[in-house]
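# Topology and contacts: notes
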Amino acid sequence: MIASAPGKVILFGEHAVVYDRPALAVPVKQVKAEVEVKEASHRGIWITATQIGLHAELSALAVDHPIGAVIREVFQRAGRSPSASLDIHISSTIPPASGLGSGAAVSVALVRALAGQISHPISDAQVNDLVFEIEKLHHGTPSGIDNTVITYAAPVYFTRGKPIETFRVDKPFTLVIGDTGVRAPTRKSVGDVRATWEKDRNRIEKMFDGIGEIVLQARRFIESGKPEQLGELMNRNHVLLRDLTVSSPELDRLVDAACRAGASGAKLSGGGRGGNMIALVEEENSQTIAKALMSAGARSTIITTVS
Ligand code: PMV
């Protein structure tokens, strides 16, 4: 049984979304996690994920290991003990710890492949719920946006604890995604924002309100066929994220480079401190802007159209 799941980018609203403001995210289908589960002739459940140097039997994984936890949860929710003879192969083209949802994508693909293999029917809502539990191991206090956009593989307008809303993209628009190559765990930036919020709630809450306003305006522009207006909102969102201390010199350099090369706006995307940024571009300029990002130090770029 094989299953895959896409990466994602957050268009607007990261960090503030942890504090109940809305955020917009879209899947990125150019990158994906893939999981294959097969019957094996040996005993036990062996997991191989070459990219992270993992080759181990399930019982050797710590209880809080996200991959082991997914497997145990699937068996538990199916009302079975994890005593099968299986080989599980995990691979991914989504760079880890870089804001593209690699952890959630591996979890979603793993849940679907394993549930399929053991003939346990599982709905999207159940996948989403299970992967949210696993995201807590990755992130500490995740909002749930990553598991939602990746489970449903559709644009989402997400507010914590509210029913899932997808949004309509009236006119397609193009993004260039640039990877700083700096791996930055979301748990750390989320924790640092929390510490600042605890010290200075009024100021930080106002910044979250500002980000929430940007998200509402962005949704209106996307739904009314005015995506060219998003650039200015990206610039404002980036400044607010920088003030929250979650940008980095590498992210700022790529954001500047994209704008100087003709992008109409750019911002970091995801947890920040490293990882990826996004730039709003005209499709015909996308290659030029991708090249400018590489010259400014990007490790790689992805051009994607949101539709
Ligand atoms: O997984 P990342 O790096 O895309 O970050 C998720 C976005 C945050 O808002 C920073 C955290 C969260 O759980 O929503």
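In this report, the structure presented in the accompanying data block is examined.

Rules behind the numbers
- Residues numbered from 1 in each chain as written.
- Predicted model: local features only at pLDDT ≥ 70, side-chain atom pairs only at ≥ 80, totals over all residues.
- Heavy atoms only, no water.
- Salt bridge = Lys/Arg side-chain N within 4 Å of Asp/Glu carboxyl O.
- Helix = DSSP H or I, 4+ residues; strand = E, 2+ residues; numbered from the N terminus.
- Buried < 20%, exposed > 50% of the residue type's maximum accessible area, 1.4 Å probe, protein only.
- Lys, Arg positive; Asp, Glu negative; His and termini not counted.
- Polar contact = N/O pair within 3.5 Å; in protein donor to acceptor, adjacent residues only side chain to side chain.
- Contact = heavy atoms within 4.5 Å.
- Phe/Tyr/Trp six-rings, centres within 6.5 Å; stacked < 30°, edge-to-face > 60°.
- Lys NZ or Arg CZ within 6 Å of the ring centre and 35° of its normal.

Counted according to the given criterion, the structure contains 18 salt bridges. Note that glutamate 205 and arginine 21 form a salt bridge whose closest N and O atoms lie 2.5 Å from each other. Of the two residues, glutamate 205 sits in helix α6 (residues 201–223) while arginine 21 sits in the loop between β1 (2–12) and β2 (23–39), which places them 184 residues apart along the sequence. A relative accessible area of 13% places arginine 21 in the buried class. Measuring nitrogen to oxygen at the nearest pair gives 2.8 Å for the salt bridge that ties arginine 273 to aspartate 192. Highlighted residues: arginine 273 in the loop between β9 (265–269) and β10 (276–281) and aspartate 192 in helix α5 (residues 186–199), separated in sequence by 81 residues. Members of the salt-bridge network, linked through shared partners, are Arg21, Glu205 and Asp209.

Turning our eyes to something else, we now look at the side chain of glutamate 57. Mapped onto the elements, glutamate 57 comes out in strand β4 (residues 54–57). For the buried glutamate 57, which has no salt bridge, the nearest side chain bearing the opposite charge is arginine 72, at an N-O separation of 7.6 Å. Here isoleucine 45 takes part through its backbone nitrogen, which lies 2.6 Å from a polar atom of the side chain of glutamate 57. Polar contacts involving the side chain of glutamate 57 include one to the side chain of serine 59, which spans 2.5 Å.

A few words now on the side chain of threonine 304. Position of threonine 304 relative to the elements: it lies in strand β11 (residues 300–306). Residue threonine 304 is classed as buried on the basis of its relative accessible area of 6%. Discounting residues that sit within four places of it in the chain, threonine 304 has contacts with Gln30, Phe173, Thr174, Leu175 and Ile177.

Applying the stated rule across the entire model yields two aromatic pairs. Ring plane angle 20° and centroid distance 4.5 Å describe the contact between tyrosine 19 and phenylalanine 208, whose orientation is recorded as stacked. Of this pair, tyrosine 19 sits in the loop between β1 and β2 while phenylalanine 208 sits in helix α6, and the two are 189 residues apart along the sequence. Each member of the pair, tyrosine 19 as well as phenylalanine 208, carries the same accessibility label: buried. In this structure an aromatic cluster arises from ring pairing among Tyr19, Trp197 and Phe208. Over the face of the ring belonging to tryptophan 197 we find arginine 201, whose NZ or CZ atom lies 3.9 Å from the ring centre. In this arrangement the basic side chain of lysine 267 is found over the ring face of phenylalanine 12, its NZ or CZ atom lying 6.0 Å from the centre.

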